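Each chain is listed here by its residues.
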Amino acid sequence: MDQLFILRDASGSSAISTLLAARDAKAAGRDVAVLVTQAALAALDSGSFEWPRALSGPPMRIALASAGKALKLPIAGRGAGKALDPKALVGEVSKAGVPLLACPTWVALLGIEDELPEGLEATSAENVAKLLADAGQVIGSL
């Protein structure tokens, strides 16, 4: 594996940046995967992401959604409620061939073994250890 991205933050902006970097690396021919853990896994399960203060509030959310639409990013809601949609981006990145692996420890802690968020794959602690050991580069949330 060339690059293993680790997505652990419940920040919508961090999720979008990390997922897009992994998708683009895959498109460039690299062997990549994303390990989704901690608050990011909980946010994907609930569909509720946090946004940094500088990127929150209705005017900013609408501006980001408008710019995101031009970049072909998924958008949720309409009118004053529209916003970038990190959860939908997971499905798109998964369909682009990037493995999105749910951290087995946090899957168990969150009690979501039977219902992983769409686009995520189950994995084992042994596989996570192997991925970490074999990855040419490990990249934390962007």
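Data block above holds the structure.
Residues numbered from 1 in each chain as written. Predicted model: local features only at pLDDT ≥ 70, side-chain atom pairs only at ≥ 80, totals over all residues. Heavy atoms only, no water.

Time to look at the overall build of the protein chain. A tally of regular secondary structure across the protein chain gives six helices and seven strands. Walking the protein chain from its N terminus toward its C terminus, one meets helices and strands in the order β-α-β-α-α-β-β-α-β-α-β-α-β. Here the protein chain has a C-alpha radius of gyration of 15 Å; the compact-globule value for 142 residues is 14 Å, and the two agree. Long-range pairs, those at least 24 residues apart, make up 69% of the contacts in the protein chain with a sequence separation of at least 6. (Helix = DSSP H or I, 4+ residues; strand = E, 2+ residues; numbered from the N terminus. Rg over C-alpha atoms; globule rule 2.2 N^0.38 Å. Contact = heavy atoms within 4.5 Å.)

Turning to the packing of helix α1 (residues 12-27) against helix α4 (residues 86-95), a few remarks are in order. The geometry of α1 relative to α4 is characterised by a closest axis approach of 10 Å and an angle of 10 degrees between their N-to-C directions. Classed by the angle they form, the pair α1 and α4 counts as roughly parallel. Relative to α4, α1 is oriented so that their crossing is left-handed. Listed contacts from α4 to G12, A15, I16, L19, L20 and R23 of α1 are P86, L89, V90 and V93. Its residues assigned to classes, the contact of α1 with α4 comprises eight nonpolar, one polar and one charged. (Axes fitted to C-alpha atoms, helices over the stretch in contact; angles between N-to-C directions. Parallel < 35°, antiparallel > 145°, perpendicular 65-115°, else oblique. Left-handed = near helix turned anticlockwise from the far one by under 90°. Nonpolar A, V, L, I, M, F, W, Y, C, P; charged D, E, K, R; others polar.)

Buried residues dominate strand β2 (residues 32-36), accounting for five of its five residues. Taken together, the five bridges between strand β1 (residues 3-7) and β2 define a ladder with parallel strand orientation. Across the sheet, the residue bridging to I6 is L35, located in β2. The parallel pair β1 and β2 is bridged by α1, and the resulting crossover is right-handed. Bridge count for β2 against strand β5 (residues 100-102) is three bridges, and the pairing is parallel. If you follow V34 over to β5, its bridge partner there is L100. (Buried < 20%, exposed > 50% of the residue type's maximum accessible area, 1.4 Å probe, protein only. Pairing = 2+ DSSP bridges. Right-handed = clockwise from strand over helix to strand, strands pointing away.)

Ordered in space as β6-β5-β2-β1-β7, the five strands form an open sheet in which the pairing is parallel. Of all strands in the sheet, those with a lone pairing partner are β6 (121-122) and β7 (137-139), marking the two edges. Across two bridges, β5 lies against β6 in parallel orientation. In the strand pairing of β6, A102 is matched with A122. Packing against the sheet, helix α6 (residues 125-134) makes contact with β1, β2, β5 and β7, and its axis sits at approximately 125 degrees to β1.

Within α4 the residues assigned to the buried category are P86, L89, V90, G91 and V93. The elements touched by buried residues of α4 are α1, α2 (38-46), β4 (83-84) and β5. The opening residue of α4, the one whose side-chain oxygen lies 3.2 Å from the backbone nitrogen of K87, is D85. Once α4 finishes, G97 follows within two positions and takes phi at roughly 95 degrees, a positive value. (Polar contact = N/O pair within 3.5 Å; in protein donor to acceptor, adjacent residues only side chain to side chain.)

This part covers the pattern of salt bridges. Using the criterion set out here, one finds three salt bridges in the structure. Between D9 and R8 there is a salt bridge, with the nearest N and O atoms lying 3.6 Å from each other. A relative accessible area of 24% places D9 in the partly exposed class. A residue is classified by how much of its surface remains accessible, and R8, at 42% relative accessible area, is partly exposed. Across the salt bridge formed by K130 and D134, the nearest N and O atoms sit 2.6 Å from each other. Remark: D134 and K130 occur in helix α6; sequence separation between them is four residues, near one turn of the helix. (Salt bridge = Lys/Arg side-chain N within 4 Å of Asp/Glu carboxyl O.)

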